[in-house]
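Residues per chain, in single letters:
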Amino acid sequence: MDKSLYILGGSPWINLVNTTYISNKQMYDILHDPSSAFKWLGENNLLRESDVLALENDELLDQLIEGLHSLRHLCEVILADLKQQGKLSLNTVDQLKRFVQDVKVGLAIVPKHENLKLISEGITARDHVMYNIVSSIIHTLDNISIDRIRECEHQDCILHFVDTSKSGKRRWCSMELCGNRQKAAEFYARKKNKK
Ligand SMILES: [Zn+2]
């Protein structure tokens, strides 16, 4: 599968929703397979070195994937809210509040160029992943205008993305996956009409 599929949404929480996708009219789920779920986490920069080591334990990885399933559902609810009413419903906000209650975060000092930086990070691998994905939700809601969170226009595609282009006219999850096949379809449709 095209590597960029894991990150083309432009934000970890959108990429999490995009872990279910349709290809050749068939539904796929990246979380279904632990090794692709692990790869997805890596490409989304959600793992520290210590997390990579910790997740060699299959049980921990399974638990994390289970957590990703519930967070993915919540992210889908958020997208549905935004689509329907342009903001989160109180119920969704409550769900988010409940979700973060279980996420344990601590402080760490890390080097930054010649200096130091104070950061917050998850205690366990699971905490760290959940913390970062939820942060990405809040960051998007805080910084991105809602109409820039969109679904790919191709009728057979369910992928979402944050449009960070200057013009704000991005229509496709990616040119390679959908833009080109749509253009090809339009081209052949025009050719057929002329006959
Ligand atoms: Zn698409």
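A.B. asks: Just to check I follow, could you spell out the overall build of the protein for this structure?
C.D. replies: From N to C terminus, the protein includes seven helices and six strands. Walking the protein from its N terminus toward its C terminus, one meets helices and strands in the order α-β-β-α-α-α-α-β-β-α-β-β-α. Dimensions of the protein, computed from C-alpha atoms along their principal axes, come out at roughly 65 × 40 × 35 Å. When the 195 residues of the protein are sorted by exposure, 24% land in the buried category. When contacts within the protein are restricted to residue pairs at least 6 apart in sequence, those whose partners lie at least 24 apart make up 53%.

A.B. asks: Hey, could you run me through helix α4 (residues 58–85) in this one?
C.D. replies: Owing to its 3.6 residues per turn, the α-helix brings residues three or four apart onto one side. Counted at 1.5 Å a residue, the expected span for α4 with its 28 residues is 40 Å, and the 40 Å between its end C-alpha atoms agrees. Every buried residue belonging to α4 is among Leu-64, Ile-65, Leu-68, Leu-71, Leu-74, Cys-75 and Ile-78, and all of these are buried. Its buried side turned inward, α4 meets α1 (12–17), α2 (34–43), α5 (90–101) and α6 (125–143). Two residues or fewer past α4, Gly-86 is found with a positive phi of approximately 75°.

A.B. asks: Would you take a moment to explain the environment of Glu-114 for this structure?
C.D. replies: Tracing the sequence through the fold places Glu-114 in the loop between β3 (105–112) and β4 (115–122). The exposed category is assigned to Glu-114, around which 5 C-beta atoms lie within 10 Å.

A.B. asks: I tried to follow the nonpolar core on my own but got confused; where do I start?
C.D. replies: Side chains of nonpolar character tend, in soluble globular proteins, to be buried together. Counting 33 residues, the largest nonpolar core has Leu-16, Leu-71, Cys-75, Val-129, Ile-133 and Cys-173 as the members making the most contacts within it. Taken together, the elements giving at least two residues each to this core come down to α1, α2, α4, α6 and β6 (160–162). At seven residues, the largest contribution of residues to this core is made by α4. Residue contacts for Cys-75: discarding those within four places in its chain leaves Trp-13, Leu-16, Val-17 and Ile-137.

A.B. asks: I tried to follow the packing of α2 against α4 on my own but got confused; where do I start?
C.D. replies: Helices that pack against each other are described as a pair by the angle of their axes relative to one another and the distance between those axes. Running from N to C, α2 and α4 cross one another at 70°; their axes reach a closest spacing of 11 Å. Looking at the two axes, α2 sits roughly perpendicular to α4. Taken together, the residues of α4 that come into contact with α2 (itself represented by Pro-34, Ala-37 and Phe-38) are Leu-61, Asp-62, Ile-65 and Leu-68. Here the contact of α2 with α4 is built from residues that sort into six nonpolar, no polar and one charged.

A.B. asks: I tried to follow the packing of α4 against α5 on my own but got confused; where do I start?
C.D. replies: Look at α4 against α5: their axes get within 10 Å of each other, and the N-to-C directions meet at 155°. Classified by the interaxial angle, the pair formed by α4 and α5 is roughly antiparallel. Where α4 crosses over α5, the two elements pack in a sense that is left-handed. Where α4 abuts α5, its residues Leu-71, Leu-74, Val-77, Ile-78 and Asp-81 lie against Thr-92, Gln-95, Leu-96 and Phe-99. Partitioned by chemical class, the residues of the contact of α4 with α5 number six nonpolar, two polar and one charged.

The rules behind these values
Residues numbered from 1 in each chain as written. Predicted model: local features only at pLDDT ≥ 70, side-chain atom pairs only at ≥ 80, totals over all residues. Helix = DSSP H or I, 4+ residues; strand = E, 2+ residues; numbered from the N terminus. Buried ≥ 20, exposed ≤ 12 C-beta atoms within 10 Å, placed from the backbone. Contact = placed C-beta atoms within 7 Å. Expected span 1.5 Å × (residues − 1). Core = buried A, V, L, I, M, F, W, Y, C linked by C-beta atoms within 7 Å. Axes fitted to C-alpha atoms, helices over the stretch in contact; angles between N-to-C directions. Parallel < 35°, antiparallel > 145°, perpendicular 65-115°, else oblique. Nonpolar A, V, L, I, M, F, W, Y, C, P; charged D, E, K, R; others polar. Left-handed = near helix turned anticlockwise from the far one by under 90°.

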